[in-house]
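Architecture at a glance
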Amino acid sequence: MFDSKPKKNFVSFFFLLGPFLCLWVLFWMVPTGLGLDLSLRSPDLELSQKSAILFDYPEKQKSFVGLENYRRAFDDPRFWKSLSNSFHYVLGSLLLILSLSFMLAVNLQSLSRFWQTPLLFCLIIPGLAMPSVLSTLFYLFFHGKEGALNQYLIMPLGFEPINWMMDPDFIMPSMIMQSVWRWTGLVTMFFLCGLAGVPHWQLEVARMEGLGMWAKIRYLWFPAIRNLILFAAVFLAVEGIASFSGAYVLLGGSGGILDSGLLFITYVYQVAFPGGSGRFDFPTAAAMCFSVAPIVALGLYLILRIRMGPLSR
Amino acid sequence: MKKFTSLLFLLLSVVIATYPFAWMFLSSFKTNDEIYQPTLFLPADYKWDAFISLFNASYLPFLRIFSNSLVLSFGQAFLATLISAGAGFCLAKYKFLGRGLVLFLAIFLVLIPKQTLAVPTFDWISWLGWRGSLFSLLLPGAVSGIGVLFFLQVFRRFPQEWIDLARIEGMSPFRTYISLLPLVLPGLMTFFFLHFVLSFQEHLLPLLLLDDENMTLPLALATLKDSSHRIPESVGMAAATLSLVPILIMFSLVFGKMKTALREVILS
């Protein structure tokens, strides 16, 4: 009776795991392979412009050029500019979102259900709106001399109104603010759920010992969600590198003044498709992706691995 | 006093988070001149012209775009939930050859965003001849690494004894999985909702793969914003308001379940 009927199990696994593996191969493995191949071929401008309409892939005999495209990508100052922009964007939004969410979660945690639920609900709304809606709102509502940021924040503090979208120094902060506005609520919800894991007796002890706010954060709440913060950081980093929609709508597909708002994926899009610079340079675009994505993924994987121990428990 | 400052901080954050959306809704009644004064909150008078022009498809076939987006996101979310739950269950409760590899694949799927594969995906889907149809976006969006990890975590909290018992009773893993599904309903709903939101917002792949007759909402909103010198801003605001409606309805339905599910996933 105790034999596990390996054949029957195999059929089950086939139905349970099969679709995932199948789609993984089709829409992850194959594009990766194609992309690697593409990144090693010459960008035949004339051909690709014609075939962009018809796109008969097999007839497009592009010659093998080795690492030529990677060299061109690395020689391109705008590639590095977009990478450094993306890095600043990720770093800035990460730090702001995580600290703000942590503060919000700690404050929400002490409230009664009656207050907590509606407040949390409202905080999450920006995370549910489309990034393009956030961008449009940013453009119409926040930015500009008459905009909310200048009228409600900058001018009451006694500064000169800032031209958020036209001043190269302020495009990146504008984009970071947008990302903070979008993600803080959702991350707060995750943190709040994590904070519920602090046992009641610990809070009770802390209260009886008369622990201050700071000590409670340091010894109770932060340790309770340390891993969660790491997960949120990794997720936000991936999301930040992949972010396209917000910047695309905000800057109309360009990089903004002096490329100071040019994000990595936006630049890849510009290189690959018309409407940007119209270069139609698929191979270089692929080469850019393949020189960045694996390094980022590996770095994040190592961070997870080191901090969390082996993930494959 | 401390309670008061904390409440004040929270209320301020809520106002910052939501006020622009109230402004957005009211702006769908405003004229361009009124919209260009962001500090103005209430419109001078309430005309539903912007909404009517959307429904009459004066500028864009909005209803079609809207239903495109809904169908696509429902499809993606449904498939992703189905597929990820099965894979997550296997990873959580069974030891089999290649388990480590599948887990590794799922983690890397999270860490490498699909936007970086956009160019070759475009190539591949064009080669398959699916370009221009909504179907082309359905399947690539249905594979989710985060989903697999989420359900791995969801199913992990069930005692191993249950699985052993099911095996002794002669139930196949598949039957066991089906009989456990009702117990993870909050998890299923949560993931469905989150994936729905993400695919509703997806911009880059639809931009590459769909043509102008088959737009989804993010593309339509970008078009409306780009051509704002020809189309009144209020139309864009009305479209943005409408795009938020289905998500908000779903969110208020799953919100309670979502907190339960997330708490279980995080604390297990």
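Residues numbered from 1 in each chain as written. Chains lettered and ligands numbered in written order. Predicted model: local features only at pLDDT ≥ 70, side-chain atom pairs only at ≥ 80, totals over all residues.

Summing up its helical and strand segments, chain A has 14 helices and zero strands in all. Secondary structure elements in chain A, listed N-terminal to C-terminal, are α-α-α-α-α-α-α-α-α-α-α-α-α-α. Out of the 313 residues belonging to chain A, those deemed buried represent 44%. Expressed as a percentage of contacts within chain A between residues at least 6 apart in sequence, the contacts between residues at least 24 apart total 71%. (Helix = DSSP H or I, 4+ residues; strand = E, 2+ residues; numbered from the N terminus. Buried ≥ 20, exposed ≤ 12 C-beta atoms within 10 Å, placed from the backbone. Contact = placed C-beta atoms within 7 Å.)

Turning our attention to the overall build of chain B. Counting its secondary structure elements, chain B contains 14 helices and zero strands. Projecting the C-alpha coordinates of chain B onto the three principal axes gives extents of approximately 70 × 65 × 30 Å. Among the 268 residues that make up chain B, the fraction classed as buried is 48%. Taking the contacts inside chain B whose residues are at least 6 apart along the sequence as the reference set, 78% of them involve residues at least 24 apart.

Turning to the interface of chain A and chain B, a few remarks are in order. Contact residues are listed per partner, giving 82 residues for chain A and 79 residues for chain B. Among the elements that make up the side of chain A that touches chain B, the one with the highest residue count is helix 1 (residues 6-39) of chain A (20 residues). Within the side of chain A that touches chain B, the residues separate by chemical class into 62 nonpolar, 18 polar and two charged. (Nonpolar A, V, L, I, M, F, W, Y, C, P; charged D, E, K, R; others polar.)

It is worth spelling out helix 11 (residues 185-201) of chain B at this point. The terminal C-alpha atoms of helix 11 of chain B lie 24 Å apart, and with 17 residues this matches the ideal 24 Å at 1.5 Å per residue to within 8%. For helix 11 of chain B, the tally of buried residues reaches 12 of 17 residues, placing the bulk of the element in the interior. P186(B), G187(B), T190(B), F191(B), F192(B), F193(B), L194(B), H195(B), F196(B), S199(B), F200(B) and Q201(B) are the residues of helix 11 of chain B that are buried. Elements that come into contact with the buried residues of helix 11 of chain B comprise helix 6 (131-142) and helix 12 (245-251) of chain A together with helix 4 (62-93), helix 8 (145-156), helix 13 (217-226) and helix 14 (233-267) of chain B. (Expected span 1.5 Å × (residues − 1).)

Take the packing of helix 13 of chain B against helix 14 of chain B next. Residues and elements named next belong to chain B. Packing of helix 13 against helix 14 brings their axes to within 9 Å, and their N-to-C directions diverge by 160 degrees. In terms of orientation, helix 13 lies roughly antiparallel with respect to helix 14. Relative to helix 14, helix 13 is oriented so that their crossing is left-handed. Every residue of helix 14 that contacts helix 13 at L217, A220, L221, L224 and K225 is listed here: V235, G236, A239, A240 and S243. (Axes fitted to C-alpha atoms, helices over the stretch in contact; angles between N-to-C directions. Parallel < 35°, antiparallel > 145°, perpendicular 65-115°, else oblique. Left-handed = near helix turned anticlockwise from the far one by under 90°.)

Turning our eyes to something else, we now look at the environment of S199(B). Mapped onto the secondary structure, S199(B) falls in helix 11. Residues within four places of S199(B) in sequence aside, it is in contact with L72(B), S73(B), Q76(B), A77(B) and G141(B).

Residues and elements named next belong to chain B. The assigned domain composition of chain B is domain 1 (1-31 + 42-47) and domain 2 (61-267). Taking only C-alpha atoms into account, the centre of domain 1 sits 30 Å from that of domain 2. With six residues of domain 1 in contact, the opposing surface of domain 2 contributes five residues. Split into classes, the residues belonging to the side of domain 1 that touches domain 2 amount to three nonpolar, two polar and one charged. (Domains from an automatic or database assignment.)

The next subject is the nonpolar core. Formed by 170 residues in total, the largest nonpolar core has its most connected members in F190(A), V268(A), C289(A) and A220(B). Ranked by the residues each element gives to this core, the list is headed by helix 8 (residues 168-195) of chain A, at 13 residues. Of the domains in this structure, domain 1 (1-31 + 42-47) and domain 2 (61-267) of chain B are the two that each give at least three residues to this core. Those residues in contact with F190(A) that sit more than four places away from it in its chain are L228(A), A232(A), L262(B) and I266(B). (Core = buried A, V, L, I, M, F, W, Y, C linked by C-beta atoms within 7 Å.)

Once that is clear, we can look at unusual backbone geometry. Residue and element names in this part refer to chain B. Look at A57: it is not a glycine, yet its phi comes out positive at around 55 degrees. Note on placement: A57 falls in the loop between helix 3 (49-55) and helix 4. We classify A57 as exposed; it has 12 C-beta atoms within 10 Å.

Looking at chain B, pLDDT values average 87 and 99% of them are 70 or higher. Taken over the whole predicted complex, pTM reads 0.88, whereas the ipTM for its chain interfaces reads 0.88. (pLDDT = per-residue confidence, 0-100.)

Residue and element names in this part refer to chain A. On average, residues of chain A score 80 in pLDDT, and 87% of them are at 70 or above. The lowest-confidence element of chain A is helix 2 (residues 45-54), averaging 46 in pLDDT; the highest-confidence one is helix 4 (residues 77-109), averaging 91. Note on residues 46-59: pLDDT is under 50 here. Beyond four places in sequence and across chains, it has 12 contacts.

For the rest of this paragraph, the subject is the environment of M175(A). Residue and element names in this part refer to chain A. Turning to its location among the elements, M175 is positioned in helix 8. For the pair M175 and M165, spaced 10 residues apart in the sequence, the C-alpha separation amounts to 9.5 Å. Setting aside its immediate chain neighbours within four residues, M175 contacts Y89, G246, A247, L250 and G261.

With that settled, consider the environment of H229(B). Residues and elements named next belong to chain B. Here H229 lies in the loop between helix 13 and helix 14. Taking the C-beta count within 10 Å as the criterion, H229 has 8 such neighbours and is therefore assigned exposed. Here the alpha-carbon distance between H229 and N32, two residues 197 residues apart in the chain, equals 9.7 Å.

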